[in-house]
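# Chains, contacts and geometry: an overview
Below, each chain spelled out in residue letters.
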Amino acid sequence: MPDRANGKYVSNVDALAVWWPAARETLLEVSRDPGARISEQQLAERIQAATGVSTRQPASEWIGRVLDRVASDAESRGEQSLTSLCTRPSAEPARRTATRSTTRATPRASAPKAPPAAVMRETTCPHCFMVVPTADTCRECGGALAA
């Protein structure tokens, strides 16, 4: 749930309305340095600092909507997309160095099982309009969710 530094609630729609222009400005700055890139997390931190509107949600949960707006704006202006300057964290595992060991290898733990289908259901909160996991209350605003 976005809010201002004074703790005052800001709707997701209003937050997005102030975040995407700040994201565009930040990406324009980055574009002036050939070869430069900015991570999603860095972009999220800079636009929250610039606008005074912040959220406790991980950037990965909302930055895509901001970048969609930036891309739509660039397209409407006939400009190249700036969103390619924003990078996601790599999904690659860290490289391991080969070592020789005389101890016996321990068996690997089995892969984690997918959560049951009931856990994966989502609903839209009638109070803040966020898509959240089905529960008694919204994880974003604390409002009651319909049963």
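Whatever comes next refers back to the structure up there.
Throughout what follows, the structure given in this document is the object of discussion. (Residues numbered from 1 in each chain as written. Predicted model: local features only at pLDDT ≥ 70, side-chain atom pairs only at ≥ 80, totals over all residues. Heavy atoms only, no water.)

### Re the side chain of Thr-55
Worth spelling out the cut-off: The way it works is that DSSP assigns letters per residue, a run of H or I at least four long becomes a helix, a run of E at least two long becomes a strand, and they are numbered from the N terminus. Relative accessible area decides the class of each residue, using a 1.4 Å probe on protein chains only: under 20% of the type maximum gives buried, over 50% gives exposed, and in between gives partly exposed. In protein, a polar contact means a hydrogen-donor-capable atom and an acceptor-capable atom, both N or O and within 3.5 Å, with residues adjacent in sequence counting only if both atoms are side-chain atoms; elsewhere, any N or O pair within 3.5 Å suffices.
With respect to the helices and strands, the residue Thr-55 is situated in the loop between strand S3 (53-54) and helix H3 (63-77). On the basis of relative accessibility, which here comes to 12%, the residue Thr-55 falls in the buried class. Looking at Thr-55, its side chain comes within polar contact range of the main-chain nitrogen of Gln-57, at 3.2 Å.

### Let's talk about the pattern of salt bridges
Basically, it comes down to this: Counted as salt bridges are all cases of a side-chain nitrogen of Lys or Arg within 4 Å of a carboxyl oxygen of Asp or Glu.
Summed over the entire model, instances satisfying the criterion amount to six salt bridges. Residues Glu-29 and Arg-46 are paired through a salt bridge, measuring 2.7 Å at the closest nitrogen-oxygen approach. Of this pair, Glu-29 sits in helix H1 (residues 12-31) while Arg-46 sits in helix H2 (residues 40-51), and the two are 17 residues apart along the sequence. Judged by relative accessible area, Glu-29 falls into the partly exposed class, the value being 44%. Residue classification places Arg-46 among the partly exposed residues on the basis of a relative accessible area of 35%. One salt bridge connects Arg-77 with Asp-73, and the closest N-O pair in it is separated by 2.7 Å. Here Arg-77 pairs with Asp-73, and both are found in helix H3, just four residues apart, close to one helical turn.

### A look at the environment of Leu-67
For the record, the criterion: The contact criterion used is simple: two residues touch if any of their non-hydrogen atoms lie within 4.5 Å.
Relative to the assigned elements, Leu-67 resides in helix H3. Measuring from C-alpha to C-alpha, the distance between Leu-67 and Glu-40 comes to 9.5 Å, with 27 residues separating the pair along the chain. Setting aside residues up to four positions removed in sequence, Leu-67 forms contacts with Leu-27, Leu-43, Thr-83 and Cys-86.

### What to know about the environment of Ala-23
Here Ala-23 is to be found in helix H1. Residue Ala-23 is classed as buried on the basis of its relative accessible area of 0%. Along the chain, Ala-23 and Gln-48 lie 25 residues apart, while their C-alpha atoms are 9.3 Å from each other.

### Things to note about the packing of H1 against H2
Counted only if it meets this: Axis definition: a line fitted to C-alpha atoms, limited for helices to the stretch in contact. Angles are taken between N-to-C directions and run from 0 to 180 degrees. By definition in this entry, angles of less than 35 degrees are roughly parallel, angles greater than 145 are roughly antiparallel, angles of 65 to 115 are roughly perpendicular, and the rest are oblique. It is the rotation of the near helix from the far one that decides the hand of a crossing: anticlockwise by less than a right angle makes it left-handed, clockwise makes it right-handed. The residue classification treats Ala, Val, Leu, Ile, Met, Phe, Trp, Tyr, Cys and Pro as nonpolar and Asp, Glu, Lys and Arg as charged. All others, Gly included, are polar.
Running from amino to carboxyl end, H1 crosses H2 at an angle of 120°, the nearest separation of the two axes being 9 Å. Relative to H2, H1 is oriented oblique. Crossing of H1 over H2 shows right-handed handedness. Across from Val-18, Trp-19, Ala-22, Ala-23, Thr-26, Leu-27 and Glu-29 in H1, the residues of H2 making contact are Leu-43, Arg-46, Ile-47, Gln-48 and Thr-51. In the contact of H1 with H2, the residues fall into seven nonpolar, three polar and two charged.

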